[in-house]
Amino acid sequence: MTTVLVVDDEPVNCDLLDAMLSPEGYEVRSASSGEEALAQIAAAPPDLVLLDLAMPGIDGVEACRRIRAMPGGELIPVVVVTAHGERESRIRAKAAGADDFLAKPVDDAELLARVKNLTRVKALHDLRARRHEALTRELAERSEQLLRAERLATVGTLASAVGHELNNLDASLALALRGIEQAVMRAEAPSEEDLAAMQHGLRAVRAHATQLLSLGRPGAERVEVFDLADLLREVLGTLRSIGRLRGVDAEFSLPEEGVAIVAARVRVSQVFLNLLLNAADAVAAVTDRPKVLRVRVRVTDGRARCAVDDSGPGITDALIERVFEPWFTTKPVGQGTGLGLLVVRHIVEGYGGTVIATRAPEGGASFQFDLPAI
Ligand code: ADP
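What comes next is a walk through the structure. Counting restarts for each chain: residues are numbered from 1 in the order of the written sequence. Residues qualify for local features only when their pLDDT is at least 70, as the model is predicted, and side-chain atom pairs are given and counted only at 80 or more; totals for whole chains, interfaces and linings, by contrast, use all residues. Each side-chain value is derived from all of the structure's non-hydrogen atoms; neither hydrogens nor water enter the calculation.

### Structural notes on the overall build of the protein chain
For the record, the criterion: In DSSP terms, a helix is any run of H or I states spanning at least four residues, a strand is any run of E spanning at least two, and both are numbered starting from the N terminus. Radius of gyration here is computed from C-alpha atoms only, and the compact-globule reference equals 2.2 Å multiplied by the residue count raised to the power 0.38. Only protein chains enter the accessibility calculation, which uses a 1.4 Å probe; a residue is then buried when its area is under 20% of its type maximum, exposed when over 50%, and partly exposed in between. Note on definitions: a residue-residue contact is assigned when non-hydrogen atoms from the two residues lie within 4.5 Å. Here the accessible surface of atoms and residues is derived via Shrake-Rupley with a 1.4 Å probe, and residues count as covered only by protein chains that are part of the display. For the purpose of charge, His is not counted, nor are the chain termini; Lys and Arg are scored as positive and Asp and Glu as negative. Charge positions are represented by NZ for Lys, CZ for Arg, CG for Asp and CD for Glu.
Along its length, the protein chain carries 11 helices and 12 strands. Whereas a compact globule of 374 residues would reach a radius of gyration of roughly 21 Å, the protein chain reaches 34 Å, over 25% beyond that. Along the first, second and third principal axes, the C-alpha atoms of the protein chain reach 110 × 60 × 40 Å. Buried residues in the protein chain amount to 40% of all 374 residues. Contacts spanning at least 24 positions in sequence make up 68% of the contacts within the protein chain whose residues lie at least 6 apart. Accessible surface, the protein chain: about 20,300 Å² in total, of which carbon and sulfur atoms supply 56%. Across the protein chain, the 43 positively charged side chains and the 54 negatively charged ones have centroids separated by 4 Å.

Dropping the structure here:
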């Protein structure tokens, strides 16, 4: 129901407006002073305010100005009800943000037309704002999901491919095993075919185990030469767009001549994404110092020596060895997978580098690693 707040120090005026609006389906509330109106609006914003100008305490103009200054108050339509000869006040009310005016004595039809128009505009605006809010929320959720999916792309793709293969192997190994069992029951030698199938199966299991162990190691992936600054801008842009860098001072410092990395771009992107997401998580709870996230890179001997630093709580000595372990996480269920740093390590080692966790100059954690560069 559309609510109208009538603000007038004369109860009879409130009753009059109520009598005109209620039959038309409006819910009418009343306040007998500007102060009371402001308190009511703060507690439950109406869809429109009908404001008398001359009131003891804060007058209509001041009340209008204060409504406009309230959070969300700029969207509430305010109609000022003026007595004859209040031209001066009308101008002041307009300047204070009033949307429209009604002259006393209030004409029934005029009142209804104004209220209807203004509340319809507000309803449309509210609808649009709600839609916008829902879309923004959905976008953030989707981006977060995408990001998570990308983080785990290496693990996920590989694991499901290997799972599929192991499933197939299971069937052929079971068949070969049954053949061997039957031969043994008949006191015969197992057939060459079954033995070969077993051997093949075992070799395949070993190959898959190796593949899983070298999770994310780039190997056959297409290596390209690309500008690291470009990639960092992209990764930080993604994090910013999903609101993970709110209130965070995030930047990178690279040599002036730039850094050209020689690797699969998508893998390097995964490395920075994982490290920067962790760093963003780490600084999220910081309140007593600036939230800082910094990527430092310099190039020596054909390697880009990179550091991702943050001003978060850092990692205790007891945990520093464990953070690269698969499934190790200190994050709440649903947020942490404990695979991010595992992926980072496998990608970096796949390019002949190393990655270590230490203390950052900012006091938090620092992840240092190297990648091939020219
Ligand atoms: P996840 O982020 O899913 O927990 P990770 O393998 O990326 O998995 O990280 C493992 C753990 O390492 C985290 O849960 C956290 O305890 C610790 N960690 C990683 N990065 C940081 C950091 N920048 N600051 C503090 N702790 C960190």
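### Some points on the layout of surface pockets
Gaps left between atoms are located by rolling a probe of water-molecule size over the structure's atoms. Heads up, the condition is: Computed over the protein atoms alone on a 1 Å grid, cavities are sets of points where a 1.4 Å probe fits but cannot get out and pockets are open sets with protein on both sides within 12 Å along at least five of seven lines; a residue lines them when it has an atom within 4 Å of a point. Grid points are joined across faces, edges and corners, and a volume is the space filled by probe spheres set on the points.
The calculated volume of the largest pocket comes to roughly 580 Å³. Lining the largest pocket are 26 residues, with Asn278, Ile315, Val323, Thr330 and Lys331 sitting closest to its centre. Ranked by residues supplied to the lining of the largest pocket, first place goes to helix 9 (residues 265–284) with 4 residues.

### A few points about the nonpolar core
Heads up, the condition is: For this analysis, a nonpolar core means a set of buried residues of the types Ala, Val, Leu, Ile, Met, Phe, Trp, Tyr and Cys, connected via side-chain atoms within 4.5 Å.
Judged by nonpolar contacts, the single largest core of 47 residues is most densely connected at Leu228, Ile261, Val268, Phe272, Leu276, Leu293 and Phe369. Those elements that provide at least two residues to this core are helix 8 (228–241), strand 8 (260–263), helix 9, strand 9 (292–300), strand 10 (303–310), helix 11 (340–350), strand 11 (355–359) and strand 12 (365–372). Tallying contributions element by element places helix 9 first for this core, with 10 residues. Those residues in contact with Phe369, other than ones at most four positions away along the chain, are Val271, Phe272, Leu275, Ala304, Arg305, Cys306, Val308, Val348, Thr354 and Val355.

### Re the packing of aromatic side chains
Rule in force here: Stacked, edge-to-face and tilted are the three classes for Phe, Tyr and Trp ring pairs, Trp counted by its six-membered ring, which pair at centre distances within 6.5 Å; planes under 30 degrees apart are stacked, over 60 edge-to-face, the rest tilted. We call a charge positioned above a ring when the Lys NZ or Arg CZ atom is no farther than 6 Å from the ring centre and deviates by at most 35 degrees from the ring normal.
The tally for this structure, following the rule as stated, stands at 2 aromatic pairs. Look at Phe324 and Phe367: their rings are 6.1 Å apart centre to centre, the planes differ by 75°, and that puts the pair in the edge-to-face class. A residue pair is termed long-range when its members are at least 10 positions apart, and Phe324 in the loop between helix 10 (317–320) and helix 11 and Phe367 in strand 12 qualify at 43 residues. Accessibility assignment for this pair places Phe324 and Phe367 in one class, buried. In this structure, Arg265 packs its charged tip against the face of Phe226, placed 5.5 Å from the ring centre.

### So, the site of the ligand
To keep things clear, this is the line we draw: Here a residue counts as near a molecule or strand whenever at least one of its heavy atoms sits within 4 Å of it. Residues adjacent in sequence count toward polar contacts only when both atoms are side-chain atoms; beyond that, a polar contact is any pair of N or O atoms within 3.5 Å, and within protein one must be able to donate a hydrogen and the other to accept it. Here the criterion for a molecule occupying a pocket or cavity is that more than half of its atoms lie within 2 Å of the pocket grid points.
Within the structure, the ligand sits among 20 residues, and Asn278, Thr329, Thr330, Lys331 and Thr337 are positioned closest to it. Backbone polar atom of Gly338 to an oxygen atom of the ligand: 2.9 Å apart, as the coordinates give it. In isolation the ligand has 530 Å² of accessible area, and contact with the protein removes 95% of it. Placement of the ligand is best described as lying within the largest pocket. Elements with a minimum of two residues in the shell around the ligand: helix 9, helix 11 and strand 12. For the shell around the ligand, the element with the highest residue contribution is helix 9, accounting for 3 residues.

### Some details on helix 9
The periodicity of an α-helix, 3.6 residues per turn, causes residues three or four places apart in sequence to face the same way. To keep things clear, this is the line we draw: Helix span is expected to be 1.5 Å times the residue number reduced by one.
Helix length check: helix 9 (20 residues) gives 28 Å between terminal C-alpha atoms against 28 Å at 1.5 Å per residue, within 8%. Along helix 9, 15 of the 20 residues are buried, which leaves the element largely enclosed by surrounding structure.

### Some thoughts on the pairing of strand 12
Selection criterion: When DSSP finds at least two bridges between two strands, those strands are taken to pair.
Of all 8 residues that make up strand 12, 7 are buried, and the element is covered over most of its length. The pairing of strand 10 with strand 12 spans 7 bridges and is antiparallel. Along strand 12, the bridge assignment pairs Arg305 with Asp370. Between strand 11 and strand 12, which pair antiparallel and follow one another directly, the connecting turn spans 5 residues, one of which, Gly363, has a positive phi of 105°.

### Details of the side chain of Ser366
Structurally, Ser366 can be placed in strand 12. Among the polar contacts made by the side chain of Ser366, one reaches the side chain of Asp309 at a distance of 2.7 Å.

### Structural notes on the sheet that holds strand 10
The line we're drawing: Each axis is a line fitted through C-alpha atoms, and for a helix only the stretch in contact is used; angles between axes span 0 to 180 degrees, taken between their N-to-C directions.
The strand order across the open sheet formed by 5 strands is 7-9-10-12-11, and the pairing between neighbours is mixed. In the strand order of this sheet, the two ends are held by strand 7 (249–253) and strand 11, each with one partner. Strand-to-strand twist across the sheet, computed as the mean angle between neighbouring axes with direction ignored, equals 15°. With 5 bridges connecting them, strand 11 and strand 12 associate as antiparallel partners. Within strand 12, the residue paired with Ile356 across the bridge is Gln368. Helix-sheet contacts for helix 8 involve strand 7 and strand 9, and the interaxial angle to strand 7 is about 170°.

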